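Structural features, examined
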Amino acid sequence: MPFDDLFEEAERQLTICNSCRYCAGYCPVWPALELRTELELSDITHLANLCHDCGDCLSACMYAPPHQFAVDPPKVFTEVREETYRRYVWPHRAPGRLGTGVAFGAACLVLALMSYLFTGRPFVVADAPGDPYEILPHLPMLIAVGAPSLWAVAMFGWAALRYWRDIHGRLADLLRVRAWLTTFTQAAQLRHMTGGDAGCEIPGRRGFHLVLMYGFGLCVVSTTAASYLQNVLGEHPPYPYLSVPVISGSVGGIAMIVGGTGLWMRRGGSGFLWALLVLAASGMLTMLLRETVAFGPLLLLHVAAVVVAFGIAPYTKFVHWIFRMLSIHHDNLER
């Protein structure tokens, strides 16, 4: 739908919602809507990203299809969020499953070539079992993983500042620590994905979302701990099975597989979700088979998954957590 038509349709539906107000107690979207008698583009963008897409309002709505008013807030909010991703992230097109697969294959080939050039051998068992730097030395691996990660961070930061400027305007409010504590608590609990205390309309979605999110967080802890052991304490991999990097990475990887698979079964899979699942599965196999001949190929598959996941992250729904947290923060300040 062209953006002008999308804005007009969202304004039409939300005007009806603002007159009805039956859903006022369901989530923060509706009290925030009541404060806005005339809707601007920034208002609709903010409300769409404040929505956690639980679907409870649609189930309760007396004007939902097949009523002639055809009010469907979750659908129109989803379309507005998709437009938000395209508007605030550059380039404005996210790769689909095919594009993600092609990028993954290309990353594997480049990493395999780098491994051969720097080590002078194909995939073999490292002299020190489980040592990733005998497959791909530290510097080229740091470049391979760091470049897309820095790109993602830069793009996230740029998109966040533009989004906040449009929905709120005051950069000083980004430093309101007390409000951020409330925001992070609500975001970490997915508190607003409960609708009118009836729970998300898609069974298990909130739970799988939380499992995937916390699993990803544990993998970040694993990477951070490994970096600290190597660069500060001088301890190089492989790390013992009972070390912090291995335990947190293993638990996080299993959680990502469980959460990602659950979301895939309930809502279908995006290219980014596919990349996260490959990342988690390859990481687990790399750890379990690190003393076998499969370690080298699995390590490069895992690094390729990291490169693809972080390289395409700014163009996928993964970026929604930034906009959603900023909208929650704006809502908390407004309250």
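Please refer to the structure placed before this passage.
These lines cover the structure that appears in this document, whether it is placed above or below. (Residues numbered from 1 in each chain as written. Predicted model: local features only at pLDDT ≥ 70, side-chain atom pairs only at ≥ 80, totals over all residues. Heavy atoms only, no water.)

Within the protein chain, the regular secondary structure consists of 13 helices and 0 strands. Here the protein chain has a C-alpha radius of gyration of 22 Å; the compact-globule value for 335 residues is 20 Å, and the two agree. Principal-axis analysis of the C-alpha atoms gives the protein chain an extent of 70 × 40 × 35 Å. Considering the protein chain as a whole, with its 335 residues, one finds that 46% of them fall into the buried category. (Helix = DSSP H or I, 4+ residues; strand = E, 2+ residues; numbered from the N terminus. Rg over C-alpha atoms; globule rule 2.2 N^0.38 Å. Buried < 20%, exposed > 50% of the residue type's maximum accessible area, 1.4 Å probe, protein only.)

This paragraph deals with the side chain of S282. Within the secondary structure layout, S282 lies in helix α11 (residues 271-288). Among the polar contacts made by the side chain of S282, one reaches the side chain of H302 at a distance of 3.1 Å. Not counting residues within four places of it along the chain, the set of residues in contact with S282 comprises L298, L301, H302 and A305. (Polar contact = N/O pair within 3.5 Å; in protein donor to acceptor, adjacent residues only side chain to side chain. Contact = heavy atoms within 4.5 Å.)

Of all hydrophobic cores here, the largest spans 29 residues; its most connected members are F104, L111, M256, L279, L299, A304 and V308. Breaking this core down by element, the ones donating at least two residues are α6 (97-119), α7 (138-167), α9 (205-231), α10 (244-267), α11 and α12 (295-312). With 10 residues, α12 is the largest single contributor of residues to this core. Filtering out sequence-adjacent residues up to four positions away, V308 remains in contact with T100, A103, F104, A107 and A275. With 23 residues, the next largest nonpolar core counts C27, V29, A32 and C57 among its residues. (Core = buried A, V, L, I, M, F, W, Y, C linked by side-chain atoms within 4.5 Å.)

Bringing the packing of aromatic side chains into the picture now. Tallying each qualifying case throughout the model produces 8 aromatic pairs. Plain terms: the ring middles of W30 and F77 are 6.4 Å apart, the flat faces sit at 35 degrees to each other, and that makes the pair tilted. Of this pair, W30 sits in helix α2 (residues 29-34) while F77 sits in helix α5 (residues 73-88); the two residues are 47 residues apart in sequence, bridging distant segments of the chain. F77 carries the same exposure label as W30, and that label is buried. Look at Y88 and F323: their rings are 5.7 Å apart centre to centre, the planes differ by 55 degrees, and that puts the pair in the tilted class. Placement of the pair is Y88 in helix α5 and F323 in helix α13 (residues 320-334), with a sequence separation of 235 residues. Each of the two residues, Y88 as well as F323, counts as buried. Three or more aromatic residues link up through ring pairs in this structure, and these residues are Y85, Y88, Y163 and F323. (Phe/Tyr/Trp six-rings, centres within 6.5 Å; stacked < 30°, edge-to-face > 60°.)

Turning our eyes to something else, we now look at the state of the cysteines. Under the counting rule described, the total for this entry stands at 0 disulfides. Here C23 is not cross-linked by a disulfide; its sulfur's nearest cysteine counterpart is in C57, at 5.4 Å. Judged by its relative accessible area of 12%, C23 is buried. In this structure C219 is a free cysteine whose sulfur lies 19 Å from that of C108, the closest cysteine sulfur available. (Disulfide = S-S within 2.5 Å.)

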